[in-house]
Amino acid sequence: MEDTEFFTATMAGLYARQGHYEKAAEIYRYLLEREPERRDVADALLEIEKKLSQQTPKTDDELV
């Protein structure tokens, strides 16, 4: 696992705005493990998970 010392909600938001939803979700989940009462983070994670579920899976050609 990478260094999580710098994981913040702001960083996750930046990843999300750039379309890096998997990374944003990873950070939001990490933050929620440490601060489960953070409603703002939980709401942001729900939005990211919604976007992830709407993405079409990549084909083998796109992965190469």
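Conventions and cut-offs
Residues numbered from 1 in each chain as written. Predicted model: local features only at pLDDT ≥ 70, side-chain atom pairs only at ≥ 80, totals over all residues. Heavy atoms only, no water. Salt bridge = Lys/Arg side-chain N within 4 Å of Asp/Glu carboxyl O. Buried < 20%, exposed > 50% of the residue type's maximum accessible area, 1.4 Å probe, protein only. Axes fitted to C-alpha atoms, helices over the stretch in contact; angles between N-to-C directions. Helix = DSSP H or I, 4+ residues; strand = E, 2+ residues; numbered from the N terminus. Parallel < 35°, antiparallel > 145°, perpendicular 65-115°, else oblique. Left-handed = near helix turned anticlockwise from the far one by under 90°. Contact = heavy atoms within 4.5 Å. Expected span 1.5 Å × (residues − 1).

Draft legend 1. Region of interest: the pattern of salt bridges. Within this structure, the stated rule accounts for seven salt bridges. Here arginine 38 and glutamate 35 are joined by a salt bridge, their closest N and O atoms 3.8 Å apart. Of the charged contacts in the structure, one is a salt bridge between aspartate 40 and arginine 38, with a shortest N-O distance of 2.8 Å. Residue aspartate 40 is classed as partly exposed on the basis of its relative accessible area, which comes to 45%. Judged by its relative accessible area of 25%, arginine 38 falls in the partly exposed class. Among the charged side chains, a network of salt bridges with common partners joins Glu35, Arg38 and Asp40.

Draft legend 2. Main features of the packing of helix H1 (residues 9–17) against helix H2 (residues 21–34). Contact geometry of H1 with H2 gives a least axis separation of 7 Å together with a crossing angle of 160 degrees. Here H1 lies roughly antiparallel to H2, going by the angle between them. Two packed elements cross with a definite hand, and for H1 against H2 that hand is left-handed. Contacts between H1 and H2 involve Ala9, Met11, Ala12, Gly13, Tyr15 and Ala16 from the former and Tyr21, Lys23, Ala24, Ile27, Tyr28 and Leu31 from the latter.

Draft legend 3. Region of the structure containing the packing of H2 against helix H3 (residues 39–54). Relative to each other, H2 and H3 sit at 150 degrees, their axes nearing to 9 Å. In terms of their interaxial angle, H2 and H3 are classed as roughly antiparallel. In this structure, H2 meets H3 at a crossing whose hand is left-handed. Facing H2, whose interface residues are Tyr21, Glu22, Ala24, Ala25, Tyr28, Arg29, Leu31 and Leu32, H3 presents Val41, Ala42, Ala44, Leu45, Ile48, Glu49, Lys51 and Leu52.

Draft legend 4. Here's a closer look at H2. With 14 residues, H2 should cover 20 Å at 1.5 Å per step; its first-to-last C-alpha distance of 20 Å lies within 8% of that length. As for H2, its buried residues are in contact with H1 and H3.

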